[in-house]
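The residues making up each chain are set out below.
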Amino acid sequence: MPSRLAASACLAASMALVGSYVALSKPLAAAFPVLLLAWLRFGIAAVAMLPWLRKPAHEPSMPRSVRRLVFLESFLGNFLFSICMIYGVSMTSAVSAGVVMAAIPAAVAIASWLLLRERVTSRAWAAVACAVVGIGLLGIARPGHGAPGSSAQGNALWGHLLLFAAVLCEAAYAVIGKKLTGSLGPKRISALINLWGLVLATPFGLHLAAQFDFGAIDAGLWVLLVFYALAASIWTVWLWMTGLRAIPAAQAGVFSVLLPVSAALTGVLALGESMGALEVLALLIALAGVALATLPSRTVNDL
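Residues numbered from 1 in each chain as written. Predicted model: local features only at pLDDT ≥ 70, side-chain atom pairs only at ≥ 80, totals over all residues. Heavy atoms only, no water.

S.K.: Hey, could you run me through the packing of helix α2 (residues 34–48) against helix α9 (residues 219–244) in this one?
M.R.: Any two packed helices are characterised by the angle at which their axes cross and by the distance between the axes. Where α2 meets α9, the closest approach of the two axes is 8 Å, and the angle between their N-to-C directions is 70°. By the angle class used here, α2 and α9 are roughly perpendicular. Counted together, Leu-37, Leu-40, Arg-41, Phe-42, Ile-44, Ala-45 and Ala-48 of α2 and Leu-225, Val-226, Tyr-228, Ala-229, Leu-230, Ala-232, Ser-233 and Ile-234 of α9 form the full contact between these two elements. Split by residue class, the contact of α2 with α9 holds 13 nonpolar, one polar and one charged. (Axes fitted to C-alpha atoms, helices over the stretch in contact; angles between N-to-C directions. Helix = DSSP H or I, 4+ residues; strand = E, 2+ residues; numbered from the N terminus. Parallel < 35°, antiparallel > 145°, perpendicular 65-115°, else oblique. Contact = heavy atoms within 4.5 Å. Nonpolar A, V, L, I, M, F, W, Y, C, P; charged D, E, K, R; others polar.)

This is the structure in structure tokens:
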């Protein structure tokens, strides 16, 4: 069991990495078909995580209910999240992705209310309102703003909708993941859900790989692909599941503030995007929603 300080560091690093790879998936999506990119990601990570698949001696056999949860965790939070996120970022910008992804804590609160019958506070509903306003401002802003050379300006609305679908997938991932940490270790969870992602993506990947010119991809993109695969499938999952072992899910949500900040900063600093006034306002409102949804009541008075 990690110490509280170590667990907090794991959660913070996980969310910062998620934000960075969400942004850096944009140049990868421009070079690879999305489903081929997902297949390559799962395949690279599967090779790296082979030792993690072995069941530890102290771990009991998985009952059918846990196996179902592992599949759902992968299908919703790994496979569908990747597809929706990559398509969404390819149609918009990393800055826009950061704003939309800031809705994750509010979505987790609603998912907990619907699936776990947990009480939703007035602050959580206010966070939902902030997320709606923030995403709405992106629709008012010039489509594709901040994405130089983008050919997807007319698809910005679809991009935002796909990013929001990724948010819903991530909310399911958070709720299911908390249940899995009581039965399986972080490494085995990471390896199993990635393996399922590889199985789901393989039919599409094999079809697309047969007609793709891999020789046209330069070395820099291959390095970026390896980083994306390791960050998305191994490092972020292991860090998050490790942190959840010592910190309740509700408190862990505080660290999700780093996701939109990291995505926006990566878009500006690494991809050359810019932020207009409406995008800045949308990000600030979205971050306010994260604070409302996740900070303890003693820090932010309940509305």
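S.K.: Would you take a moment to explain helix α4 (residues 94–101) for this structure?
M.R.: Since the α-helix turns once every 3.6 residues, residues separated by three or four places project in the same direction. The buried fraction of α4 amounts to eight of the eight residues, a majority that puts the element mostly inside the structure. When we look at burial in α4, the residues that qualify are Ala-94, Val-95, Ser-96, Ala-97, Gly-98, Val-99, Val-100 and Met-101. (Buried < 20%, exposed > 50% of the residue type's maximum accessible area, 1.4 Å probe, protein only.)

S.K.: Just checking my understanding: could you explain the side chain of Ser-14 for this structure?
M.R.: Mapped onto the elements, Ser-14 comes out in helix α1 (residues 4–31). Within the structure, Ser-14 has its side chain in polar contact with the backbone oxygen of Thr-236 (distance 2.9 Å). Look past the residues within four positions of Ser-14 in its chain and what remains in contact with it is Thr-236, Leu-239 and Trp-240. (Polar contact = N/O pair within 3.5 Å; in protein donor to acceptor, adjacent residues only side chain to side chain.)

S.K.: So what exactly am I meant to see when it comes to empty space enclosed by the protein here?
M.R.: Space left empty within the atom packing is revealed by a probe, the size of a water molecule, rolled over the atoms. Counted by the stated rule, this structure contains three cavities of 30 Å³ or more. Lining the largest cavity are 16 residues, and of these Tyr-21, Glu-170, Tyr-173, Thr-236 and Val-237 sit closest to its centre. For the lining of the largest cavity, the secondary-structure elements that each account for two or more residues are α1, α3 (64–91), α7 (156–180) and α9. Residue composition of the lining of the largest cavity, grouped by class: nine nonpolar, five polar and two charged. (1 Å grid on protein atoms, 1.4 Å probe; cavity = no way out; pocket = protein on both sides within 12 Å on 5 of 7 lines; lining within 4 Å. Points joined across faces, edges and corners; volume = space filled by probe spheres on them.)

S.K.: Whenever I open this one, the state of the cysteines confuses me. Can you help?
M.R.: A covalent bond between the sulfur atoms of two cysteines is referred to as a disulfide. If you walk through the whole model with that rule in mind, you get zero disulfides. Free of any disulfide, Cys-84 has its nearest cysteine sulfur in Cys-169, 5.0 Å distant. We classify Cys-84 as buried; its relative accessible area is 12%. (Disulfide = S-S within 2.5 Å.)

S.K.: What should I look at first to understand the packing of aromatic side chains in this one?
M.R.: Aromatic ring pairs: the centre-centre distance and the angle between the two ring planes describe each pair. All chains considered together, the criterion is met by nine aromatic pairs. Judged by centre distance (5.0 Å) and plane angle (75°), the ring pair of Phe-212 and Phe-214 falls under edge-to-face. An aromatic cluster of at least three residues, connected via ring pairs, comprises Phe-32, Phe-212, Phe-214 and Trp-222. (Phe/Tyr/Trp six-rings, centres within 6.5 Å; stacked < 30°, edge-to-face > 60°.)

S.K.: Please clarify how a nonpolar patch on the surface should be interpreted in this entry.
M.R.: Together, Trp-113, Leu-114, Leu-115 and Trp-125 make up a nonpolar patch on the protein surface, roughly 440 Å² of accessible area in all. Top element by residues in the nonpolar patch is helix α5 (residues 104–116). It accounts for three residues. (Patch = residues over 30% accessible without salt bridge, like charges linked within 9 Å, V, L, I, M, F, W, Y side chains within 5 Å. Areas by Shrake-Rupley, 256 points an atom, 1.4 Å probe, with all protein chains shown as cover. Salt bridge = Lys/Arg side-chain N within 4 Å of Asp/Glu carboxyl O.)

S.K.: Teacher, can you tell me more about the packing of α4 against helix α11 (residues 258–269) here?
M.R.: Orientation of α4 relative to α11, taken along the N-to-C sense of each, is 175°, at an axis distance of 7 Å. Looking at the two axes, α4 sits roughly antiparallel to α11. Contact residues: α4 offers Ala-94, Val-95, Gly-98 and Met-101, while α11 offers Leu-259, Pro-260, Ala-263, Ala-264, Gly-267 and Val-268. Classifying every residue of the contact of α4 with α11 by side-chain character gives eight nonpolar, two polar and no charged.

Bear in mind that shape data such as this cannot, by itself, settle questions of function.
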